[in-house]
Amino acid sequence: MTAPAMNADAGTDLSIIIVNWNTLELTRDCLVTVMQGLEGVSTEVIVVDNASDDGSAEMIARDFPQVELIRNDENRGFAAANNQAMAQARGDFVLLLNSDTLVHGSVLPDSVDWLRRHSDVGAMSCRVLNPDGTGQRVCSMFPSLLNLSLDVFGLSRLRRPRFFGRYQMRHWQRDDEREVETVSGCFFLVRRTVIEQVGRFDEAFYFFGEEVDWSCRIRAAGWKLFLSPVGAITHLEGGSQKRLSHRRNVLLSGALVRLHLKHRGRASAIAAYLLMFLFNASRAVSWSLASLVSRSPRIHEKGRYFRAVLASSREIWPETAR
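Residues numbered from 1 in each chain as written. Predicted model: local features only at pLDDT ≥ 70, side-chain atom pairs only at ≥ 80, totals over all residues. Heavy atoms only, no water.

Caption draft 1: Structural detail: the side chain of Asn-147. Following the sequence through the fold, Asn-147 ends up in helix 5 (residues 145-152). Residue classification places Asn-147 among the buried residues on the basis of a relative accessible area of 1%. For Asn-147, the contacting residues outside a window of four places in its chain are Met-141, Phe-142, Arg-166 and Tyr-167. (Helix = DSSP H or I, 4+ residues; strand = E, 2+ residues; numbered from the N terminus. Buried < 20%, exposed > 50% of the residue type's maximum accessible area, 1.4 Å probe, protein only. Contact = heavy atoms within 4.5 Å.)

Caption draft 2: Main features of the packing of aromatic side chains. Applying the stated criterion across every chain, the model contains eight aromatic pairs. With a centroid separation of 6.0 Å and an interplanar angle of 90°, the aromatic rings of Tyr-273 and Trp-317 are classed as edge-to-face. Taken together, the residues Tyr-273 in helix 9 (residues 266-292) and Trp-317 in the segment after helix 11 (313-316) connect sequence positions 44 residues apart. Neither residue differs from the other here; Tyr-273 and Trp-317 are each classed as buried. (Phe/Tyr/Trp six-rings, centres within 6.5 Å; stacked < 30°, edge-to-face > 60°.)

Caption draft 3: Highlighting the packing of helix 7 (residues 210-220) against helix 8 (residues 247-263). Their axes nearest at 10 Å, the elements helix 7 and helix 8 cross at an angle of 20°. When the interaxial angle is binned, helix 7 and helix 8 end up roughly parallel. Here helix 7 and helix 8 pass one another in a crossing that is right-handed. Contacts between helix 7 and helix 8 pair Val-212, Asp-213, Cys-216 and Arg-217 from the former with Leu-259, Lys-262 and His-263 from the latter. Looking at the contact of helix 7 with helix 8, its residues break down into three nonpolar, one polar and three charged. (Axes fitted to C-alpha atoms, helices over the stretch in contact; angles between N-to-C directions. Parallel < 35°, antiparallel > 145°, perpendicular 65-115°, else oblique. Left-handed = near helix turned anticlockwise from the far one by under 90°. Nonpolar A, V, L, I, M, F, W, Y, C, P; charged D, E, K, R; others polar.)

Caption draft 4: Examining the pattern of salt bridges more closely. Taken as a whole, this structure holds 16 salt bridges when the rule is applied. When the shortest N-O distance is used, the salt bridge between Asp-13 and Arg-116 registers 3.5 Å. Here Asp-13, found in the segment before strand 1 (14-20), pairs with Arg-116, found in helix 4 (residues 107-117); they are 103 residues apart in sequence, far enough to count as distant. Salt-bridge contacts for Glu-315 lead to Arg-247; the nearest nitrogen and oxygen are separated by 2.7 Å. Taken as a pair, Glu-315 in helix 11 and Arg-247 in helix 8 lie far apart in primary sequence, 68 residues in all. (Salt bridge = Lys/Arg side-chain N within 4 Å of Asp/Glu carboxyl O.)

Caption draft 5: Quick peek at the nonpolar core. If you look at the biggest cluster of nonpolar residues, it comprises 74 residues, and the most contacted ones within it are Ile-16, Leu-97, Leu-108, Phe-187, Trp-214 and Ile-218. Not counting residues within four places of it along the chain, the set of residues in contact with Trp-214 comprises Met-86, Leu-96, Phe-188, Val-190, Ile-195, Val-198, Gly-199, Arg-200 and Phe-201. In terms of nonpolar packing, the next biggest core, distinct from the first, is built from 18 residues, Leu-148, Ala-272, Val-309 and Trp-317 among them. (Core = buried A, V, L, I, M, F, W, Y, C linked by side-chain atoms within 4.5 Å.)

Caption draft 6: Here's a closer look at the environment of Ile-316. Within the fold, Ile-316 resides in helix 11. Residue Ile-316 is classed as buried on the basis of its relative accessible area, which comes to 3%. Sequence separation of Ile-316 and Arg-76 is 240 residues, and the distance between their C-alpha atoms is 19 Å. Here Ile-316 is in contact with Val-250, Ser-253, Gly-254, Val-257, Tyr-273 and Asn-280, once residues within four sequence places are set aside.

Caption draft 7: Spotlight on helix 8. Between its first and last C-alpha, helix 8 extends 24 Å over 17 residues, near the 24 Å set by a 1.5 Å rise per residue. When we look at burial in helix 8, the residues that qualify are Asn-249, Val-250, Ser-253, Gly-254, Ala-255, Leu-256, Val-257, Arg-258, Leu-259 and His-260. On the buried face of helix 8, the contacting elements are helix 5, helix 7, helix 9, helix 10 (297-311) and helix 11. Note on helix 8: the residue one or two positions beyond its end, Gly-265, has a positive phi of about 105°. (Expected span 1.5 Å × (residues − 1).)

Caption draft 8: Molecular detail of the packing of helix 8 against helix 10. Between helix 8 and helix 10, the least distance of the axes is 8 Å, while the angle of their chain directions is 45°. Taken together, the axes of helix 8 and helix 10 are oblique relative to one another. Here helix 8 runs over helix 10; the crossing is right-handed. Across from Arg-248, Asn-249 and Val-250 in helix 8, the residues of helix 10 making contact are Tyr-305, Phe-306 and Val-309. Each residue belonging to the contact of helix 8 with helix 10 can be placed in one class, and the counts come to four nonpolar, one polar and one charged.

Okay, here's the thing in structure tokens:
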């Protein structure tokens, strides 16, 4: 593989940061598409390996010598790992890119060009596709108590009225430019000057919620956030999350509560905790009852999954608020 020009000493347009944790094949495929899509933009690529045990770091060092590799001796979490790379990133623009993504065409230079031409926009994302080519509902609204309630009670799945789909903006196909409340964490392109102004990720968000918190802080500093369909990436999803098992829902629920505690206050955080408890408890009960009359391994696994989440409910409330 021929290494693209990534001359940081001559001035770097773009720093691409990828966090890897036991996603060897996905990270390799991601890096291949990244390297193919850098024409016209001076770039550095930084990969942070969070103590993978699948040979990921060795593969990156061997197959992508042009990549700056940071090896952690423990899994520091998504937010902390990104912060490590941001601390040494030299680009005028910084892209946080998931390891389970594939970059298409000229989306990288086109996104940089778009953000450079919109001086009032602090960060942006592009179109994000599923493996079958359909669009993903990235860049949602803030998970307010209203939006969480619509999700918990299943109303967000109803097509009518359109109000019910507001949280994930279900009636928007992501095929036109729009100002948004949050930028997708799988493709988060931000100005260096914004990072210098608002700071990096809050490391209290270990795996989820950090990009929503960052979006709130960027908007509070007076910047706009946008999705622009200048190009697309494919987000395969799963990746590191598959290894978390029921911890995924525990961490996600905890992040939602922490977001409310930080941005909406303690009363809002308590309400968010109760909503997430109701969500997890209702799923634990319904799947467990279904497993009594079904031999389906999937149904039995769902019951075990949500019972484990429910058993960890105490962890969902942030330690700093106890």
